[in-house]
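Given next are the chains, with one letter for each unit.
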Amino acid sequence: MKRIVEIVPARPGWYARWRLAPGDTRCYPVSLWALLEEVDGTGREVIGVDCVGQWPGADDNEAGGEFVRYLFQTPDSGVPEDAEPPPAVPERATGPRRQAVPAP
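All of these numbers come straight from a predicted model, not from anything done at the bench. (Residues numbered from 1 in each chain as written. Predicted model: local features only at pLDDT ≥ 70, side-chain atom pairs only at ≥ 80, totals over all residues. Heavy atoms only, no water.)

Engineer: Would you mind showing me how to read the pairing of strand β3 (residues 24-38) here?
Structural biologist: The side chains of a regular strand alternate, first on one face of the sheet and then on the other. In the sheet, strand β1 (residues 2-9) pairs with β3 via seven bridges, with the strands oriented antiparallel. By the bridge assignment for β3, I7 is matched with A34. In this structure, the hairpin formed by strand β2 (residues 14-21) and β3 is closed by a connection of two residues, where G23 is found at a positive phi of approximately 80 degrees. Bridge count for β3 against strand β4 (residues 44-50) is seven bridges, and the pairing is antiparallel. Within the sheet, the bridge partner assigned to A34 lies in β4 and is I47. Between the antiparallel neighbours β3 and β4 lie five residues, among them G41 with a positive phi of about 90 degrees. (Pairing = 2+ DSSP bridges. Helix = DSSP H or I, 4+ residues; strand = E, 2+ residues; numbered from the N terminus.)

If you want it as structure tokens, here you go:
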């Protein structure tokens, strides 16, 4: 059993590459890094959680996907050729804006 010691957001440009089939890979942007530690305080590791919620060793990763590696590509150099766009985030519905009322 492991526990989370620290969570930090991932900087743009980090990707997790997964092998879906021989010769077929897919990269997803890494959303955050988590520092994990064994319950007894020994053995630490850092894992990246990608934008679709997968990480190496998770039981509910995409069926048939095998983690290959993390990679960094500077944002100004574009995305990896096998990058999957991040899932769309629905916009929040907002009501009418309230106007500030000056104090009497």
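Engineer: I tried to follow the nonpolar core on my own but got confused; where do I start?
Structural biologist: What tends to happen in soluble globular proteins is that the nonpolar side chains get buried as a cluster. Counting residues in hydrophobic clusters, the biggest one holds six residues: A10, A16, W18, Y28, V30 and W33. Within the residue set of this core, elements represented by two or more residues are β2 and β3. Considering every element that reaches this core, the biggest residue donor is β3, with three residues. Among residues more than four places away in sequence, those in contact with W33 are E6, I7, V8, P9, A10, W14, V46, I47, G48 and Y70. (Core = buried A, V, L, I, M, F, W, Y, C linked by side-chain atoms within 4.5 Å. Buried < 20%, exposed > 50% of the residue type's maximum accessible area, 1.4 Å probe, protein only. Contact = heavy atoms within 4.5 Å.)

Engineer: What exactly am I supposed to notice about the packing of aromatic side chains here?
Structural biologist: The relation between two aromatic rings is expressed through the spacing of the ring centres and the mutual angle of the planes. Scanning the model with the defined rule gives five aromatic pairs in all. Seen from their ring centres, W14 and W33 are 5.3 Å apart, and the 90 degrees between their planes marks the pair as edge-to-face. Taken together, the residues W14 in strand β2 and W33 in strand β3 connect sequence positions 19 residues apart. On the numbers, 4.8 Å between centres and 55 degrees between planes, the contact of F67 with Y70 is tilted. Residue F67 is classed as partly exposed on the basis of its relative accessible area, which comes to 25%. Three or more aromatic residues joined by ring pairs make a cluster, and in this case those are W14, W18, W33, F67, Y70 and F72. (Phe/Tyr/Trp six-rings, centres within 6.5 Å; stacked < 30°, edge-to-face > 60°.)

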